[in-house]
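Each chain, written out:
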Amino acid sequence: MPTAASDLGLTLTTAVRPPVEDPTLGVDVPPRPPRPRTHRFAAVGDSLTQGFKHYAVHDHALSWPALLADLLGVPFARPQDGGPGGYPLNLEFLARRALARPLVPAVVGGLAYALEVQRAYERPPGPRGGPRYEDLAVWGWDLRDHLARTADTERARLRSGWLTRWNPLVQAPKARAAVEVLDGSRTATGEALTSLRALRDLDGGVETLCVWLGSNNALPSVVQLRVVASGPGFRELHAKDAYTVWTVPDFTAELAEVARAVAAVDTDRVLWGTVPHVTIPPIVHGLGGPLPECGRYFRWYGRPWVREETFDPDRDRHLTGFDAWAVDQAIDGYNGALLDVVSAAREQGRDWRVVDVGAMLDRLAVRRNDELGARPPEFAPYPLPDALRGLDTRFPATDDAGRLLAGGLIGLDGLHPTTCGYGLVAQEFAAVLAGAGVEFARGDRIDFEELRRRDTFVSDPPAGVAGALRTIDRLDRWTRVLR
């Protein structure tokens, strides 16, 4: 058995997790009489729920929960960003400043933008307190973070607001984001609350709560290109940073704690998003053709700029196809645990439902399904709206004239959806809400033509991304000897 699977306690199998066709999992829940709620809509999650794209959170109105709240016609209290593109660093804004230009102006323009972002965002936090938000998503957080971290734990991780002298990027960006989101979530005596406890403290209850968590319990594996299974310290905030993938039993134990916290929230219904396979977004690039033992995976997975003809598995950092297979199978276990949690809650009379966002991404995986020719029969091609025809999940590339050559559904960080991609997520949640009998003030369909116009990366792509990837590949090869 390959090492990654052994470390994760898995026996690899070619079986796939079938999509969830029935959000209720076949368990009926008696309808309850409607109750007036102070908070019509709330969401908790990680970067995917916060609207992170191109390595920054910028326009919160274009996150999928904000798009969904707009369809519902309900208020949705969330942070606002008035800075130059969000932080840590908006790669779309950086591309417009630096790419398709001569080398010296490109370097100067890129560095000037990074420093502009740093000056705008790296400042001392203000006094404790502030508005209380219904959007409780914090990028980079896994299950334990939502159970244990507060605005005060994250304030302690921030140094004073002076600019970091030798690093042009924003210092401690995750902690800053957490303080911004959670600083107003406090008790009457000023005690800082976790995001899940903050949901319980929303006066008057919540009509619809959306929960989409778990990606960051496996995401470090593709960011760091290494598989380190969780161990005894998975519940400890500092010790868990050593792990890149949680074992299924460890994830299940964490999820049970999250489910108990969600069950304590006074809410009419809860929608739970499934965990996407982290090997599908183009942060990792499949190489070497299909893995003989399982044709859904490439033999190797390297950085997104690495080309087939330049990749050297003996010298370049990568995951093997067996690693990717094991990580995906662990995520299938996460989702199995999630379905068990939702089914048990429904048996107890709670209106909890599943939104199978993970299956949507599986259906959209163009390289796995089409290039390898290994689309499982359970995953029919996803019917993109007419306005999004031609967009796909490959790493985005543009030529020097600004024409989009590939991608468009995943942003320049290779991990997070573009605005158009978030529209697809919002549509999945809207479909489940419509099936629950929820009324929509503006109809239950996203206006994808309008959304595409608002997606500046797709409607007006920055030039030169493909050329920049080739340059990064050359630099990567030149520095191999130093590594």
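In the block above lies the structure referred to throughout.
As a starting point, this report considers the structure included with it. (Residues numbered from 1 in each chain as written. Predicted model: local features only at pLDDT ≥ 70, side-chain atom pairs only at ≥ 80, totals over all residues. Heavy atoms only, no water.)

1. Notes on the sheet that holds strand 4 (residues 267–273)
Point 1. Taken in spatial order, the five strands of this open sheet run 2-1-3-4-8, and their pairing is parallel. In this open sheet, the two strands that pair with only one neighbour each are strand 2 (135–137) and strand 8 (352–355). Strand-to-strand twist across the sheet, computed as the mean angle between neighbouring axes with direction ignored, equals 15°.
Point 2. The sheet contacts of helix 12 (residues 321–347) involve strand 4 and strand 8, and relative to strand 8 the element is tilted by about 155°. (Pairing = 2+ DSSP bridges. Helix = DSSP H or I, 4+ residues; strand = E, 2+ residues; numbered from the N terminus. Axes fitted to C-alpha atoms, helices over the stretch in contact; angles between N-to-C directions. Contact = heavy atoms within 4.5 Å.)

2. Digging into the pairing of strand 4
Within a regular strand, side chains alternate between the sheet's two faces.
Point 1. Counting buried positions over the seven residues of strand 4 gives seven, a clear majority of the element.
Point 2. In terms of strand pairing, strand 3 (residues 206–212) meets strand 4 through five bridges, oriented parallel. Considered in strand 4, the bridge of cysteine 210 is made with leucine 271.
Point 3. Alignment of strand 4 against strand 8, held across four bridges, turns out to be parallel. Counterpart to tryptophan 272 in the pairing with strand 8 is valine 354. (Buried < 20%, exposed > 50% of the residue type's maximum accessible area, 1.4 Å probe, protein only.)

3. Describing the environment of leucine 99
Point 1. Residue position: leucine 99 is located in the loop between helix 4 (91–98) and helix 5 (103–121).
Point 2. The partly exposed category is assigned to leucine 99, whose relative accessible area is 25%.
Point 3. Along the backbone, leucine 99 and alanine 463 are 364 residues apart, and their C-alpha atoms lie at a distance of 6.5 Å.
Point 4. Look past the residues within four positions of leucine 99 in its chain and what remains in contact with it is Leu94, Ala463, Gly464, Val465 and Ala468.

4. Focus: the packing of helix 13 (residues 357–364) against helix 15 (residues 419–435)
Point 1. Viewed as axis vectors pointing N to C, helix 13 and helix 15 meet at an angle of 135°, and their least axial separation amounts to 10 Å. Put simply, helix 13 runs oblique to helix 15. The way helix 13 lies across helix 15 gives a crossing that is right-handed. Residues Val357, Met360 and Leu364 of helix 13 touch helix 15, and the partners they reach there are Leu424, Val425, Glu428 and Phe429.
Point 2. In terms of residue class, the contact of helix 13 with helix 15 is built from six nonpolar, no polar and one charged. (Parallel < 35°, antiparallel > 145°, perpendicular 65-115°, else oblique. Left-handed = near helix turned anticlockwise from the far one by under 90°. Nonpolar A, V, L, I, M, F, W, Y, C, P; charged D, E, K, R; others polar.)

5. Points about the sheet that holds strand 7 (residues 319–320)
Point 1. Strand order in the open sheet made by the three strands is 5-6-7, with antiparallel pairing throughout. The outermost strands of the open sheet, each flanked by one partner alone, are strand 5 (285–291) and strand 7.
Point 2. By the bridge criterion, two bridges tie strand 6 (residues 294–302) to strand 7 in an arrangement that is antiparallel. Each residue of the ladder has a partner; that of tryptophan 300, found in strand 7, is threonine 320.

6. Remarks on the packing of aromatic side chains
Each aromatic ring pair is specified by the distance between its two centres and by the angle formed by the two planes.
Point 1. Here the structure, examined in full by the defined rule, presents 15 aromatic pairs.
Point 2. When the ring of phenylalanine 52 is compared with that of tyrosine 55, the centres are 6.0 Å apart and the planes differ by 85°; the resulting orientation is edge-to-face.
Point 3. For phenylalanine 52, a relative accessible area of 1% puts it in the buried group.
Point 4. A centroid spacing of 4.9 Å and a plane angle of 35° characterise the contact between phenylalanine 52 and tryptophan 139, whose relative ring orientation is tilted. Here phenylalanine 52, found in the loop between helix 2 (47–50) and helix 3 (64–72), pairs with tryptophan 139, found in the loop between strand 2 and helix 6 (143–148); they are 87 residues apart in sequence, far enough to count as distant. Assigned by exposure class, phenylalanine 52 and tryptophan 139 land together as buried. (Phe/Tyr/Trp six-rings, centres within 6.5 Å; stacked < 30°, edge-to-face > 60°.)

7. Concerning the pattern of salt bridges
Point 1. According to the stated counting rule, one finds 35 salt bridges in the structure shown.
Point 2. Linking arginine 149 and aspartate 145 is a salt bridge whose minimum nitrogen-to-oxygen distance equals 2.6 Å.
Point 3. Given the relative accessible area of 3%, aspartate 145 is considered buried. (Salt bridge = Lys/Arg side-chain N within 4 Å of Asp/Glu carboxyl O.)

8. With respect to the side chain of threonine 208
Point 1. Structurally, threonine 208 is set in strand 3.
Point 2. Apart from residues lying up to four places away in sequence, threonine 208 is in contact with Arg40, Phe41, Ala42, Thr267, Arg269 and Leu433.

9. Topic: the environment of arginine 445
Point 1. The topology assignment puts arginine 445 in the loop between helix 15 and helix 16 (448–454).
Point 2. On the accessibility criterion, arginine 445 (56% relative accessible area) is exposed.
Point 3. Those residues in contact with arginine 445 that sit more than four places away from it in its chain are Leu71 and Gln427.

10. Description of the environment of leucine 469
Point 1. Tracing the chain through its elements places leucine 469 in helix 18 (residues 465–478).
Point 2. When the C-alpha atoms of leucine 469 and valine 306 are compared, they prove to be 8.3 Å apart, with 163 residues separating the residues in sequence.
Point 3. Residues contacting leucine 469, with those up to four places away along its chain left out, are Trp305, Phe395 and Pro396.

11. Points about the pairing of strand 1 (residues 39–45)
Point 1. Counting buried residues in strand 1 gives six out of seven residues, a clear majority hidden from the surface.
Point 2. Sheet analysis places strand 1 next to strand 2, joined by three bridges and oriented parallel. Within strand 2, the position partnered with alanine 43 by the bridge is aspartate 135.

12. A word on the nonpolar core
Point 1. Counting residues in hydrophobic clusters, the biggest one holds 71 residues, and the most contacted among them are Leu199, Val262, Trp272, Tyr334 and Trp352.
Point 2. In this view, valine 262 contacts Leu196, Leu209, Val211, Val270, Trp272 and Trp352; residues no more than four positions away in its chain are not counted.
Point 3. One finds Ala43, Val117, Trp212 and Leu384 within the second-largest nonpolar core, a separate group that totals 58 residues. (Core = buried A, V, L, I, M, F, W, Y, C linked by side-chain atoms within 4.5 Å.)

13. Some remarks on a nonpolar patch on the surface
Point 1. Taken together, the side chains of Leu103, Val104, Val107 and Val108 make up a nonpolar region of the molecular surface, amounting to roughly 420 Å² of accessible area.
Point 2. Positionally, valine 108 belongs in helix 5. (Patch = residues over 30% accessible without salt bridge, like charges linked within 9 Å, V, L, I, M, F, W, Y side chains within 5 Å. Areas by Shrake-Rupley, 256 points an atom, 1.4 Å probe, with all protein chains shown as cover.)

14. Digging into the packing of helix 3 against helix 15
The packing of two helices is summarised by the inter-axis angle and the distance between the axes.
Point 1. Between helix 3 and helix 15, the least distance of the axes is 8 Å, while the angle of their chain directions is 45°. Here helix 3 is positioned oblique relative to helix 15, judged by the angle of their axes. In this structure, the crossing between helix 3 and helix 15 has a hand that is right-handed. Across from Trp64, Leu67, Leu68, Leu71 and Leu72 in helix 3, the residues of helix 15 making contact are Tyr422, Gly423, Val425, Ala426, Phe429, Ala430 and Leu433.
Point 2. Residue classes in the contact of helix 3 with helix 15 are distributed as 11 nonpolar, one polar and no charged.

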